[in-house]
Amino acid sequence: MSLSGALPVYAQSAALCYRTSKGGPEILLVTTRRARRWIIPKGWLINGLTPSESAAREAWEEAGVLGPCGTDSLGRFAYVKNRPGKASALCLVDVFPLHVQRMVAHFPEAGERRRKWVSPQVASSKVSSPDLGALLAGFGLQRQ
């Protein structure tokens, strides 16, 4: 979908992967493949899967984690995706909570990404999107 003179708009889904420790909830961040910025696992919607199932698949591929993924979105953030050889696009990303029950060393993108568990406040400060940062910080407040 595109408006005259505007960027095309695409839907994506993301998994806010979390676990609970003595100090409270922790969020799993992963790096992007090229720029090495911290993000949460996200990607294009997958045909035949619901948005939350797509988010869970991204969590497996990008972070090597498994667990139940909630079906209700925690919120949404937007970013501009620069695509080599194509026009830039505006991506609207719905974020779903995924309670990590298993984490493995060998997963599809293991050699391309780093993973790091951090508090919601630290996660909020490490991501570049202010909207995603607010979602991450708010998640910490919801779980206390």
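Residues numbered from 1 in each chain as written. Predicted model: local features only at pLDDT ≥ 70, side-chain atom pairs only at ≥ 80, totals over all residues. Heavy atoms only, no water.

Peer 1: Before we go on, may I ask you to explain the overall build of the chain in this structure?
Peer 2: A tally of regular secondary structure across the chain gives three helices and nine strands. Secondary structure of the chain in N-to-C order comes out as β-β-β-β-α-β-β-β-β-β-α-α. Expected size for 144 residues packed as a compact globule is a radius of gyration near 15 Å; at 15 Å, the chain falls within 12% of this value. Taking the principal axes of the C-alpha coordinates as reference, the chain spans close to 50 × 30 × 30 Å. Per-residue burial over the chain gives 42% buried out of 144 residues. Counted over contacts in the chain with a minimum sequence separation of 6, partners at least 24 positions apart contribute 67%. Carbon and sulfur atoms make up 52% of the accessible area of the chain, which amounts to about 7800 Å² in all. (Helix = DSSP H or I, 4+ residues; strand = E, 2+ residues; numbered from the N terminus. Rg over C-alpha atoms; globule rule 2.2 N^0.38 Å. Buried < 20%, exposed > 50% of the residue type's maximum accessible area, 1.4 Å probe, protein only. Contact = heavy atoms within 4.5 Å. Areas by Shrake-Rupley, 256 points an atom, 1.4 Å probe, with all protein chains shown as cover.)

Peer 1: Sorry if this is basic, but what is going on with the packing of aromatic side chains here?
Peer 2: The way to describe two aromatic rings as a pair is by their centre distance and the angle between their planes. Applying the stated criterion across every chain, the model contains three aromatic pairs. Taking 5.7 Å as the distance between ring centres and 85° as the angle between the ring planes, the aromatic pair formed by Y10 and W44 counts as edge-to-face. Taken as a pair, Y10 in strand 1 (residues 9–21) and W44 in strand 4 (residues 42–44) lie far apart in primary sequence, 34 residues in all. Take W44: its relative accessible area is 36%, and that puts it in the partly exposed class. (Phe/Tyr/Trp six-rings, centres within 6.5 Å; stacked < 30°, edge-to-face > 60°.)

Peer 1: Would you take a moment to explain the pairing of strand 7 (residues 89–99) for this structure?
Peer 2: Each regular strand carries side chains that alternate between the two faces of the sheet. With eight of eleven residues buried, strand 7 lies mostly within the body of the structure. Here seven bridges tie strand 6 (residues 75–81) to strand 7, and the two strands are oriented antiparallel to one another. In the sheet register, V80 faces strand 7, and the bridge partner there is L90. (Pairing = 2+ DSSP bridges.)

Peer 1: Help me understand the pairing of strand 1, please; the structure alone is not making it clear to me.
Peer 2: One ladder, built from ten bridges, connects strand 1 with strand 7; its direction is parallel. Its bridge partner lying in strand 7, A15 is registered against F96. Pairing between strand 1 and strand 4: three bridges, direction antiparallel. Bridge pairing in strand 4 links Q12 to W44. Pairing geometry for strand 1 and strand 2 (residues 24–31), over four bridges, is antiparallel. Residue pairing for strand 2: Y18 is matched across the bridge by I27. Taking the residues between adjacent antiparallel strands as the criterion, strand 1 and strand 2 are bridged by two residues.

Peer 1: What is the right way to look at the environment of H106 in this model?
Peer 2: Residue placement: H106 occurs in the loop between strand 8 (102–103) and strand 9 (115–118). Using a relative accessible area of 73% as the deciding quantity, one classes H106 as exposed. Counting along the chain gives 36 residues from H106 to G70, while the straight-line C-alpha distance between them is 24 Å.

Peer 1: Sorry if this is basic, but what is going on with the pattern of salt bridges here?
Peer 2: A side chain of one charge can pair with a side chain of the opposite charge if their charged atoms are brought near each other. Tallied over the entire structure, the rule returns six salt bridges. Across the pair R19 and E26 runs a salt bridge whose closest N-O atoms are separated by 2.6 Å. Looking at R19, the relative accessible area reads 31%, which means it is partly exposed. Owing to a relative accessible area of 18%, E26 belongs among the buried residues under this scheme. The residue R33 makes a salt bridge to E109 at a minimum N-O spacing of 3.9 Å. Here R33 is found in the loop between strand 2 and strand 3 (38–39), whereas its partner E109 is found in the loop between strand 8 and strand 9, with 76 residues between them in sequence. (Salt bridge = Lys/Arg side-chain N within 4 Å of Asp/Glu carboxyl O.)

Peer 1: Would you mind going over a positive patch on the surface with me for this structure?
Peer 2: Together, R36, R114, K116 and K126 line one region of the surface with positive charge. Within the fold, R36 resides in the loop between strand 2 and strand 3. In this structure R36 comes out as partly exposed when scored by relative accessible area, which is 36%. (Patch = residues over 30% accessible without salt bridge, like charges linked within 9 Å, V, L, I, M, F, W, Y side chains within 5 Å. Lys, Arg positive; Asp, Glu negative; His and termini not counted. Charge placed at Lys NZ, Arg CZ, Asp CG, Glu CD.)

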